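# What the coordinates show
One letter stands for each residue in the lines below.
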Amino acid sequence: MRLQEKTIEEIRKSLDIVNVIGEYVQLRKQGKNYVGLCPFHDERTPSFSVSPDKQLYHCFGCGAGGNIFTFIMEIEGLSFVEAAQFLAEKANIDLGSSFSQASAARHGHSRAQPQIMDGMNLLTKFYHYLLVTAKYGSPGMNYLKTRAFTREMIDRFQIGYAVNSWNAATSLIRKRRIDTAQMEKAGVIAKRGFDNKYFDRFRNRIIFPIFNPRGQPVALAGRTLGDEKPKYLNTPESSIFHKGNILYGYHLARQSIRKSNQAVLLEGYVDVIRAHQAGITNSVASMGTSLTEAQAAALARIAETIIICYDSDDAGVEASFRAASMFDKSRTMVKIAKMPEGLDPDDYIRKFGGDRFKSEVIGASQTLMTFKMDYFRRKRNLSDEGDRLLYIEEVVREIHTLQRAVERDHYLRLLSEEFSISLDVLKRQERQMAREAKRSKARDERIRPAAFSVANKILPAYEMAERRLLARMMKSRDIAERVQQALGGTFSSELHQALAAYLYAYYEEDNPPDEARFIQRLVDPQLQQKAVELSMMPMSEQADEREIEDCIHQVIKHSKAAMIADKEEERKRAEQSGQYERAAQLVSEIIGIKKQLELRGE
């Protein structure tokens with residue numbers, strides 16, 4: 001085994017796939033495996049399975065599958081080399097200087113880490129150093145002290161300070177030989193129009209680095225110390241920073257979110273830092289923008305409860321409503337924490353303290369349904385009969401979407417008591433809406449093809465036999481040798497033929513039966529995914545002699561039947577063109593193939 005393959009194997013064996021995936025997906029034990037909601041497509045019922053024995057994962061809904069390397073590549077958007085480096089750090093394994101070049105060549109990925117990432121890392125450390133060094137950082141540190149930021153939070157979030165200079169960062173970038181053109185694209189420096197010289201974009205500003213889920217700085221936000229405009233100056237989106245995919249503070253909050261099974265969603269950087277300072281370390285922010293589906297999915301994967309705590313003004317209420325709707329497709333429980341009028345979390349905690357924020361804001365958060373009822377109420381004049389009826393209809397329509405019958409009954413009773421309407425009437429209305437929704441869904445399903453029809457269709461007997469044989473071959477050298485003698489490359493699909501060929505070669509190199517190890521050696525993603533799918537098929541542990549024989553017979557039978565069909569077509573063409581001798585020869589060959597099938601009992 002080559003050096004880089006040994007290193008990859010060492011990483012694979014050093015980490016447990018359940019722990020790695022468990023940082024991104026809520027998993028629960030089910031039999032031998034762990035199951036959860038697939039992070040790669042929207043679903044309500046878990047179809048994502050992780051096998052600790054095989055160190056593989058597979059989604060029976062969308063077909064995604066692989067090992068720890070493919071999972072990290074998909075979930076983090078990394079190349080193979082980057083995923084290996086990321087996992088090596090987790091496993092405390094030194095990859096060595098030759099690894100990146102060798103692996104990059106084998107897997108066809110760029111071996112150079114983007115200069116923009118190096119530049120962001122350098123500037124994050126530089127600005128933090130300037131802030132905490134009295135000689136340079138006193139203006140910034142004095143500002144943060146007036147805002148009651150502790151040194152612990154300054155260090156934890158790597159807050160920095162850009163001195164009032166036109167070339168402090170630019171000079172450092174040049175000195176460290178980082179590409180200035182790349183850093184201009186990243187938005188940390190700019191070029192003057194009249195002489196084409198670079199200058200610092202951030203001057204006399206507090207710097208808030210923005211980190212990706214792996215804790216690497218990918219963007220910067222600079223806030224003025226006074227009332228200058230713009231108040232916030234942010235680096236734009238780049239090859240390493242996509243605002244809609246990142247939650248501020250997620251890299252620090254993830255462990256706390258998993259432990260508490262609950263995430264607190266805030267609006268801004270300062271709110272998150274203040275909440276962490278108050279001990280609410282499961283807080284993240286959507287960075288002042290509307291929550292995106294990608295951000296919502298990241299939270300839903302690791303937390304059962306999401307508490308949305310936005311400002312209490314009209315814009316904040318609307319944003320809360322939109323954010324809550326992002327979790328409709330997940331099984332996540334959403335709650336809304338109401339802020340007092342005119343205060344944001346930062347203001348509240350500074351004024352009343354962290355304990356009161358925990359108990360009176362976060363602890364007193366409303367259920368989503370209660371929040372929706374208040375939201376609809378804000379839009380209606382309930383003293384007006386028409387508005388009152390519209391409000392009741394809106395609320396009943398929301399109630400019928402609730403999953404649990406006890407919840408539906410609870411809110412219908414509240415509505416009945418508030419407006420003195422018969423509970424039976426409200427229940428009939430809710431049932432009618434449910435029937436209409438069901439009919440509408442049925443119509444949509446008739447029109448729209450099933451998303452995973454290919455994955456769920458009933459396969460022909462010969463194809464099922466090939467799948468079972470390949471799955472058994474990955475588990476047993478003896479079965480692989482037996483199939484090789486009986487079938488060779490006689491499989492119906494190119495994917496199955498390729499997998500069989502790779503398995504024969506794998507065992508010829510004297511490798512042991514190890515599904516995860518074999519799958520790791522497959523470079524082609526399609527082959528790797530197919531191998532995982534077959535490996536995760538529900539099967540008995542031990543292969544039955546009759547099962548293997550029957551599967552081999554099914555494959556041979558299909559192969560011979562296909563051969564007969566091809567020869568029948570050729571015979572017809574021969575007769576039509578007057579080649580009667582060739583036609584007679586083909587008839588003889590067809591009879592011979594049929595006799596072979598009869599001898600095998602087919």
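All of the points below concern the structure found in this document. (Residues numbered from 1 in each chain as written. Predicted model: local features only at pLDDT ≥ 70, side-chain atom pairs only at ≥ 80, totals over all residues. Heavy atoms only, no water.)

### As for the nonpolar core
- In terms of nonpolar packing, the biggest core is built from 64 residues, with Tyr127, Ile159 and Tyr248 touching the most fellow members.
- Looking at which element gives the most residues to this core, the answer is helix H6 (residues 115–132), with nine residues.
- Setting aside chain neighbours within four positions, we find tyrosine 248 in contact with Phe157, Phe208, Pro209, Ile210, Tyr269, Val272, Ile273, Val284, Ala285 and Met287.
- Counting 44 residues, the second largest nonpolar core, distinct from the first, contains Ala296, Leu299, Tyr375 and Phe376. (Core = buried A, V, L, I, M, F, W, Y, C linked by side-chain atoms within 4.5 Å. Buried < 20%, exposed > 50% of the residue type's maximum accessible area, 1.4 Å probe, protein only. Helix = DSSP H or I, 4+ residues; strand = E, 2+ residues; numbered from the N terminus. Contact = heavy atoms within 4.5 Å.)

### Describing the pattern of salt bridges
- All told, the structure shown has 36 salt bridges when counted by the stated rule.
- Between glutamate 515 and lysine 54 there is a salt bridge, and its shortest N-O distance comes to 3.8 Å. Here the residue glutamate 515 occupies a position in helix H25 (residues 515–521), and lysine 54 occupies one in the loop between strand E3 (48–51) and strand E4 (56–59), the gap between them amounting to 461 residues. Per residue, the accessibility class of glutamate 515 equals that of lysine 54, and both read buried.
- Put simply, arginine 156 and glutamate 152 hold a salt bridge, and the shortest N to O gap is 2.8 Å. (Salt bridge = Lys/Arg side-chain N within 4 Å of Asp/Glu carboxyl O.)

### Quick notes on the state of the cysteines
- Per the stated rule, a full pass over the model turns up zero disulfides.
- Between cysteine 59, a cysteine without a disulfide, and cysteine 38, which holds the nearest cysteine sulfur, the sulfur-to-sulfur distance is 3.7 Å. (Disulfide = S-S within 2.5 Å.)

### Focus on the sheet that holds strand E10 (residues 217–224)
- The strand order E6-E9-E10-E11 describes an open sheet built from four strands, whose pairing is antiparallel. At either margin of the open sheet sits one strand with a lone partner, and together these are strand E6 (160–162) and strand E11 (232–234). Direction aside, neighbouring strands of the sheet carry axes that sit 35° apart on average.
- Against the sheet, H6 contacts E6, strand E9 (205–211) and E10, and its axis sits at roughly 40° relative to E10.
- Relative to the sheet, helix H12 (residues 269–277) contacts E9, E10 and E11, its axis offset from that of E9 by approximately 80°. (Pairing = 2+ DSSP bridges. Axes fitted to C-alpha atoms, helices over the stretch in contact; angles between N-to-C directions.)

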